[in-house]
Amino acid sequence: MRYVYDFAEGSNDQKDLLGGKGAGLGEMTNLGLRVPPGFTITTEACRVFMENGEGPEGLWEEIAGAIGRLEESCGRSFGGGGKTPLLVSVRSGAKFSMPGMMDTILNLGINDVVVKEIAEWAGRERVSWDVYRRFLQMFGKVVLNVPGEGFEEVLTELRQTRGVETDAELTAGDLETATGRFRSIIEEAGQSVPTEPMEQLRAAVNAVFSSWGNRRAVDYRRLHDIPGDLGTACNVQTMVFGDLGEDSGTGVCFTRDPSSGEPNPYGDYLVNAQGEDVVAGARNTLSLADLEDKRPGVHAELLGVMHTLENHYRDMCDIEFTVENGTLWILQTRVGKRTARAAVRLAVDMANEGLIDRRQAVLRVDPAVLEQLQRPTIAEDAGIEPLAHGVAASPGAASGEAVFDADRAVERAGQDVAVVLVRHETTPDDIHGMAAAQGILTSRGGKTSHAAVVARGMGKPAVTGASALNVDEGSSLLTVGDVTINEGQVITIDGTSGNVFGGEVPLEPASETPQLEMLLTWADEFRTLGVRANADTPSDAARAREAGAEGIGLARTEHMFMGERLAIVQQIILNEDPEVRDPALERLRAQQTEDFEGLLEAMDGLPVIIRLLDPPLHEFLPSRLELERERRQRAEKGQAPDDRIAELERAVAKWEETNPMLGLRGVRLGLLVPELYRIQVQAALQAMKRRRQAGGDPHLEIMVPLVSTAEELRRVRSTIEAEIADVFPDEAVEVPVGTMIELPRAALLAGEIAGVADFFSFGTNDLTQTTYGLSRDDADRSFLPFFLEQGIYPSNPFQTMDEHGVGRLVEMGTAAGKEANPSLEVGVCGEHGGDPASIALCHRMGLDYVSASPPRIPVARLAAAQAALGGGDSAGSV
């Protein structure tokens, strides 16, 4: 097996073997672009390394051969020795883009001899010492695990002594001093840097492979559902230098705006810098327009490269480049990370331009990101002056406590506190804090900085490069002018405008994305799954219909019983006296009729499934402990016993359960207290009758919850049919009656139950609980996070349907139900109905529809289309 491929041997269809970066370098090399030559060590070599702790047999012979070919093609020597020295970069490159999560070493191959030869080649001693100190800094931190703070302290001290703002202003003597002090820091840590270039290369390659397992990479993969067994490739590439003076520099650009999707190239450029300077955000960057002013020929050539790559990849590309003594070199390209708004616009625009077709446009956008389009923004009439303004790096607004450390951000978020992570600039080590925060704010960096790229990938609001802010991470505060904000004080950021505010600022709903409805219209042409809504109020129903819902798949009537109605329900359950119970039932029926009429009106002409009462009974009853406390307090005050309290205690004790989630709920309560279900059915039918009399077209369906036997459903169905005949005595009115399948027994005996049902709706929330034998609320508070972090569960079964357990029950129940009743309609109404992976599973299992919460209706429409098209390439483009 080969483990090393020269760039010219690679192509974009080899991402599994060469990683995304290596495949892109191969593709660009073969397109004839000016790419510094090099080679890629495969992901297979990394997997062997991960398994055995060392590379595969013969790997280093292959690498030595590749270095020899590189020396020959460049006319340079790895290790110097008379010829122009060959220095290389060593960079990770996994199949899926993981910006900044794994390690990079630049300028590898330098030593005390080579540093002099670099000075002679460049004609500038400053360049050679800048190269050397960068190498020691990266090699020390990445390969030798020497803390990076010591290196930064040296540079800060030298800048202060010199009275300059940036490292680019330090002299050759300053950088030579830094190099010596860096070497001392490494030696004081008990480490040493090899002087022989091949030894440096071996250590660097092993470090890159090891970085696949570092915390930030593991966190990133978990956040983005990237498999942990893929491994990373390692790219060894000839160095070109952007730090040779004013006619050199480095930059990152996008062929279109990654925040808005507007068809305008966007990029950041730094004069006299190396590539990591741009993404680190340590210096505020220049724009592509500035590059045009300074180097019009380079700018024109770069636009040509951008055009070539976008048309070749048929997508927005993210490109890294370096200008060395006025010559443009392209270091890498990949399909660029983008916001949800940009993803939608790019897909629709490129389809309308003929760059891709509608099928590709629908497949291009990750359905999960569509919820980001509903993020709030700062109200236009807020009338609050911003504290500062930065780069609008990732849209949306967020308020939260200012937190200056990633670990503390995780800690506070774990206490249900909204936080905004504030840093000079983020680094890959901050990934867990960025994930926990509501938004990210940095005082340095642009739209291509680490903070910006990762925030867009996560869908988090971000403002970067707010240079007016003085961020003191050590003291956990920021100052701007005469305003000081300490950790724990609330701030608000607007990633759409770039503004930063002190305190909490009024927000307003997100603005519309004009291209979204076009994309969803195309999606509707492809999907075969219906999409309905889980909606309990007329306003939710109207919102869902506007979002494209094709009816209501679940209206939870117990959600209509809280508040002031709770006392009415308690009267019905706790009183056997008809004089008390009957008036309460009548009040409840009147109120429920109005509820159902509003739902039917909002969904006129579309199906509305009303689920009869299904809470654990204890949710409707007063707390026995509170009643006991009230009784004791009366006694302590010398007050006479209250007969009402004693009566309530006796009634509650009668209905009290040890495990109410598996107790008297659903159909069991309906059979034991039939008046409750009867008045709900009467209310629904009266609402239907009113809508018909008003000229509407109501399509009412009634669902019986928690059925485990056909006989339970048969008895309730008999009651429902009697009520239909009573409300509509002179006409045959069709009101389908079905059941929610949320118990394993119901799924296993679906064939029997289907003989009594017109439809099934799988309640996968409870089906997951009863299949796993766990309580979702308790699991979330106790062991579930640990199980997910340790890989005991591959994913949260309450977010993505468990294909092999719960999914198998759904599939079995669907098949058996439809075999017994060919006209049976089957859907899913648990939260999985809005999860793209679960929707794809529902499609494969042959269900008829999914039902999701109103905000996730667009998600479901797009995910259903992608399922019908066989999946998408959206993971690489958003």
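These numbers were taken from a predicted model, which means no experiment stands behind them.

A. Here's a closer look at the overall build of the chain. Helix and strand content of the chain: 34 helices and 31 strands. In terms of overall size, the chain behaves like a compact globule, its C-alpha atoms giving a radius of gyration of 32 Å where 878 residues would be expected to give roughly 29 Å. A principal-axis box enclosing the C-alpha atoms of the chain has dimensions of 105 × 70 × 55 Å. Counting only residues that meet the buried cut, the chain has 56% of its 878 residues in that class. Counting every atom, the chain has about 35,400 Å² of accessible surface; 46% of that belongs to carbon and sulfur. Computed over 83 positive and 135 negative side-chain charges, the inter-centroid distance for the chain is 1 Å.

B. A look at the packing of aromatic side chains. As enumerated under the stated definition, the model contains 11 aromatic pairs in all. Each ring, one from Y772 and one from Y793, has its centre 5.4 Å from the other, and the planes form 65°; the classification is edge-to-face. Taken as a pair, Y772 in helix α29 (residues 764-772) and Y793 in the loop between α31 (784-789) and α32 (806-820) lie far apart in primary sequence, 21 residues in all. A relative accessible area of 29% means that Y772 is categorised as partly exposed. By relative accessible area, which is 15% here, Y793 ends up buried. Feature note: the residues Y772, F783, F786, F787 and Y793 constitute an aromatic cluster, connected by ring pairs. Of note, R221 hangs over the ring of W212, and the distance from its end group to the ring centre comes to 3.9 Å.

C. Summary view of the pairing of strand β7 (residues 266-271). Within β7, 6 of the 6 residues are buried, which leaves the element mostly enclosed by the surrounding structure. Of the two faces of β7, both are covered, the one formed by Y266, D268 and L270 as well as the one formed by G267, Y269 and V271. Here strand β6 (residues 249-254) pairs with β7 via 6 bridges, running antiparallel. Note on β7: the bridge partner recorded for G251 is Y269.

D. Spatial organisation of the pairing of strand β27 (residues 699-704). Among the 6 residues of β27, 5 are classified as buried, and the element is accordingly described as predominantly covered. Alignment of strand β26 (residues 607-611) against β27, held across 5 bridges, turns out to be parallel. Within β27, the residue paired with I610 across the bridge is I702. Here β27 runs beside strand β28 (residues 737-741); their pairing, made up of 3 bridges, is parallel.

E. Region of the structure containing the environment of F39. Within the fold, F39 resides in strand β2 (residues 38-41). With a relative accessible area of 0%, F39 lands in the buried category. In the structure, F39 is positioned 31 residues away from L70 in sequence and 8.4 Å away in space, judged by C-alpha atoms. Those residues within four positions of F39 in sequence are excluded, and the remaining contacts are V4, Y5, D6, F7, I63, A66, I67, L70, C234, N235 and V236.

F. Representation of the sheet that holds strand β20 (residues 483-486). Strands sit in the order β18-β19-β20 across an open sheet of 3 strands; the sheet is antiparallel. Whereas interior strands pair on both sides, the edge strands pair on one side only; in this sheet they are β18 (470-472) and β20. When strand polarity is set aside, the average angle formed by the axes of neighbouring strands in this sheet is 15°. Direction of pairing for β18 relative to strand β19 (residues 477-480): antiparallel, over a ladder of 3 bridges. For V471, the partnering residue across the bridge sits in β19 and is L478.

G. Expanded view of the pattern of salt bridges. On inspection of all chains with the given rule, the structure shows 47 salt bridges. Among the ionic pairs, R589 bridges to E586, the shortest N-O distance being 2.0 Å. Here R589 pairs with E586, and both are found in helix α21 (residues 578-602), just 3 residues apart, close to one helical turn. Given a relative accessible area of 22%, R589 falls into the partly exposed group.

H. Here's a closer look at the sheet that holds strand β8 (residues 286-287). Strand order in the open sheet formed by 5 strands is β8-β7-β6-β9-β10, with antiparallel pairing between adjacent strands. Pairing within the sheet leaves two strands with one partner each, and these edge strands are β8 and β10 (327-335). Packed onto the sheet, helix α12 (residues 296-313) meets β6, β9 (317-324) and β10 and runs at close to 25° relative to β10.

I. Main features of the packing of helix α2 (residues 43-52) against helix α8 (residues 197-211). α8 packs onto α2 with a crossing angle of 80° between their chain directions and a minimal axis gap of 10 Å. Compared by their axis directions, α2 and α8 come out roughly perpendicular. Residue-level inspection shows A45, C46 and F49 of α2 in contact with α8, the latter providing N206, F209 and S210. Tallied by class, residues from the contact of α2 with α8 come to 4 nonpolar, 2 polar and no charged.

J. Quick look at the confidence of the model for the chain. Per-residue confidence for the chain averages 89 on the pLDDT scale, and 95% of its residues sit at or above 70. Overall, residues 872-878 carries pLDDT values under 50, and its contacts beyond four positions in sequence, including any with other chains, amount to 22 contacts.

K. Spatial organisation of the nonpolar core. Among the nonpolar cores identified, the biggest contains 82 residues, and L700, V704, I720 and F760 are the most heavily contacted of them. Among the elements that line this core, the one with the most residues is helix α25 (residues 674-693), at 9 residues. Counting 59 residues, the second largest nonpolar core, distinct from the first, contains V114, I118, W129 and A207.

L. Main features of unusual backbone geometry. The phi angle at R314 is positive, at roughly 55°, despite the residue not being glycine. Taking relative accessible area as the criterion, R314 reaches 38% and is therefore assigned partly exposed. Although it is not a glycine, N325 sits at a positive phi angle of roughly 50°. Along the polypeptide, N325 turns up in the loop between β9 and β10.

M. Highlighting the packing of α29 against α32. Direction vectors running N to C along α29 and α32 enclose 115°, while the axes themselves pass 10 Å from each other. In the crossing of α29 with α32, the sense of the turn from one axis to the other is right-handed. Packed against α29, whose contacting residues are T764, L767, T768, T771 and Y772, the element α32 presents V806, L809 and V810 at the interface. Here the contact of α29 with α32 is composed, by residue class, of 5 nonpolar, 3 polar and no charged.

Criteria and cut-off values
Residues numbered from 1 in each chain as written. Predicted model: local features only at pLDDT ≥ 70, side-chain atom pairs only at ≥ 80, totals over all residues. Heavy atoms only, no water. Helix = DSSP H or I, 4+ residues; strand = E, 2+ residues; numbered from the N terminus. Rg over C-alpha atoms; globule rule 2.2 N^0.38 Å. Buried < 20%, exposed > 50% of the residue type's maximum accessible area, 1.4 Å probe, protein only. Areas by Shrake-Rupley, 256 points an atom, 1.4 Å probe, with all protein chains shown as cover. Lys, Arg positive; Asp, Glu negative; His and termini not counted. Charge placed at Lys NZ, Arg CZ, Asp CG, Glu CD. Phe/Tyr/Trp six-rings, centres within 6.5 Å; stacked < 30°, edge-to-face > 60°. Lys NZ or Arg CZ within 6 Å of the ring centre and 35° of its normal. Pairing = 2+ DSSP bridges. Contact = heavy atoms within 4.5 Å. Axes fitted to C-alpha atoms, helices over the stretch in contact; angles between N-to-C directions. Salt bridge = Lys/Arg side-chain N within 4 Å of Asp/Glu carboxyl O. Parallel < 35°, antiparallel > 145°, perpendicular 65-115°, else oblique. Nonpolar A, V, L, I, M, F, W, Y, C, P; charged D, E, K, R; others polar. pLDDT = per-residue confidence, 0-100. Core = buried A, V, L, I, M, F, W, Y, C linked by side-chain atoms within 4.5 Å. Left-handed = near helix turned anticlockwise from the far one by under 90°.

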